[in-house]
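So the chains spell out like this:
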Amino acid sequence: MNSLQTRYINQQRELGHATLYRAPLTGPAAAPEPPSAPPIAGSRSERLGALQERHRGCLNCRLGNTRKKFVFGSGNHDARLMFIGEAPGADEDEQGLPFVGRAGQLLTKMIENGMGIPRGEVYIANILKCRPPGNRDPQPDERAACTPILLEQIAIIQPEFICCLGRISGRFLLGLDDEVKLKEMRQKFYDFQGARVSVTYHPSALLQHPDWKGPAWEDLKFLMKAMGLVIRPDLK
Ligand code: SF4
């Protein structure tokens, strides 16, 4: 990270702790729990840790038999902003962490160099927790089996803002059918359980289509303005 980037991140921090984080949460669980599962109580970290332990051996769909590692999510449990992608790829499957391959490195640049937020201060997760073979699109039955985990993560973290990465994540959060295109979802805010949701390109798509990076940056600026973050003058 160069000095300009460091100054940018510090500038965002000077806007105040509350700009990047939600208040720590204590007390009883507010998230709806499946009837068969005992309630998870405690801080956000305790509840997320318990949720991860509960599901790390999940075999509720076919992907449980082909994964190497369960990829729960990572980042700040009190984050104000959550990014939601589609599913782990090969690198994520190896490491058990979301967005660590080439697309993940681009996402890190978008968050840190573009938005001026250290990646560790947001929370990142996917619709699916196990890798679909060959990185194919998640199947409807896989989404149905897996998304209750994501919904519990959202209910625990209670982010103020969610940024969906790609059409699959956007369609799920917005409750849209498979015909709706990404361009129809961008540059708008939607409500999802109290969070303001926006949609932009998946970093993998930006690697394949570098000319989409400009529109993706417009999407991030749209989000930053709503969050009250400053936009570096040379990036305006
Ligand atoms: S993708 Fe989700 S539902 Fe399927 S096995 Fe993995 S954790 Fe379970």
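Small disclaimer: the values here were computed from a predicted structure and weren't measured.

Conventions used here
- Residues numbered from 1 in each chain as written.
- Predicted model: local features only at pLDDT ≥ 70, side-chain atom pairs only at ≥ 80, totals over all residues.
- Axes fitted to C-alpha atoms, helices over the stretch in contact; angles between N-to-C directions.
- Helix = DSSP H or I, 4+ residues; strand = E, 2+ residues; numbered from the N terminus.
- Parallel < 35°, antiparallel > 145°, perpendicular 65-115°, else oblique.
- Contact = placed C-beta atoms within 7 Å.
- Nonpolar A, V, L, I, M, F, W, Y, C, P; charged D, E, K, R; others polar.
- Near = placed C-beta within 6 Å.
- Expected span 1.5 Å × (residues − 1).
- Buried ≥ 20, exposed ≤ 12 C-beta atoms within 10 Å, placed from the backbone.
- Core = buried A, V, L, I, M, F, W, Y, C linked by C-beta atoms within 7 Å.
- Pairing = 2+ DSSP bridges.
- pLDDT = per-residue confidence, 0-100.

Colleague: Whenever I open this one, the packing of helix α3 (residues 44-55) against helix α6 (residues 140-157) confuses me. Can you help?
Modeller: Packed helix pairs are specified by the crossing angle of their axes together with the interaxial distance, meaning the distance between the axes. Here α3 crosses α6 at 170 degrees, and the two axes come no closer than 10 Å. Accordingly, the angle class assigned to the pair α3 and α6 is roughly antiparallel. On α6, the residues touching R44, R47, L48, L51 and H55 of α3 are I149, E152, Q153, I156 and I157. Considering only residue class, the contact of α3 with α6 consists of five nonpolar, two polar and three charged.

Colleague: What exactly am I supposed to notice about the site of the ligand here?
Modeller: Residues in close proximity to the ligand total 14 residues, the closest being C58, C61, G64, C130 and C146. Ranked by residues supplied to the shell around the ligand, first place goes to α6 with three residues. When grouped by side-chain class, the residues that make up the shell around the ligand number nine nonpolar, three polar and two charged.

Colleague: So what exactly am I meant to see when it comes to helix α5 (residues 102-114) here?
Modeller: Given 3.6 residues per turn, any residue in an α-helix points the same way as the ones three and four places further on. Compared with the 18 Å implied by 1.5 Å per residue over 13 residues, the 17 Å span of α5 between its first and last C-alpha is a close match. All of the buried residues in α5 are A103, G104, L107, M110, I111, E112 and G114. With its phi angle positive at about 75 degrees, G116 sits one or two positions after the end of α5.

Colleague: Is there a simple way to think about the nonpolar core in this case?
Modeller: Nonpolar side chains in soluble globular proteins generally cluster together in the buried interior. Judged by nonpolar contacts, the single largest core of 42 residues is most densely connected at M82, I84, V122 and C164. Each residue touching C164, except ones within four places of it in the same chain, is listed here: I84, S169, G170, L173, V197 and V199.

Colleague: How should the pairing of strand β3 (residues 123-126) be read in this particular structure?
Modeller: Moving residue by residue along a regular strand, the side chains alternate between the two faces of the sheet. Of the two faces of β3, the one holding Y123 and A125 and the one holding I124 and N126 are both buried throughout. As paired elements, strand β1 (residues 74-75) and β3 share two bridges and run antiparallel to each other. Along β3, the bridge assignment pairs S74 with I124. Pairing between strand β2 (residues 81-85) and β3: four bridges, direction parallel. Bridged to F83 within β3 is I124.

Colleague: Looking at this model, I keep getting lost on the confidence of the model for the protein chain. Mind explaining?
Modeller: Note: predicted coordinates in regions of low pLDDT should not be interpreted at a detailed level. Of the residues in the protein chain, 86% reach a pLDDT of 70 or more, and the chain-wide mean stands at 89. Every residue in residues 16-21 scores below 50 in pLDDT, and together they form eleven contacts with partners more than four places removed in sequence or on other chains. Within the model, pLDDT remains below 50 along residues 23-35, and this stretch shows 17 contacts once partners closer than five positions in the same chain are excluded.

Colleague: What is the right way to look at the pairing of β2 in this model?
Modeller: Buried residues dominate β2, accounting for five of its five residues. With burial as the criterion, each face of β2 is covered, one bearing L81, F83 and G85 and the other bearing M82 and I84. Where β2 meets strand β4 (residues 161-165), four bridges bridge the pair, whose relative direction is parallel. In the sheet register, M82 faces β4, and the bridge partner there is I162.

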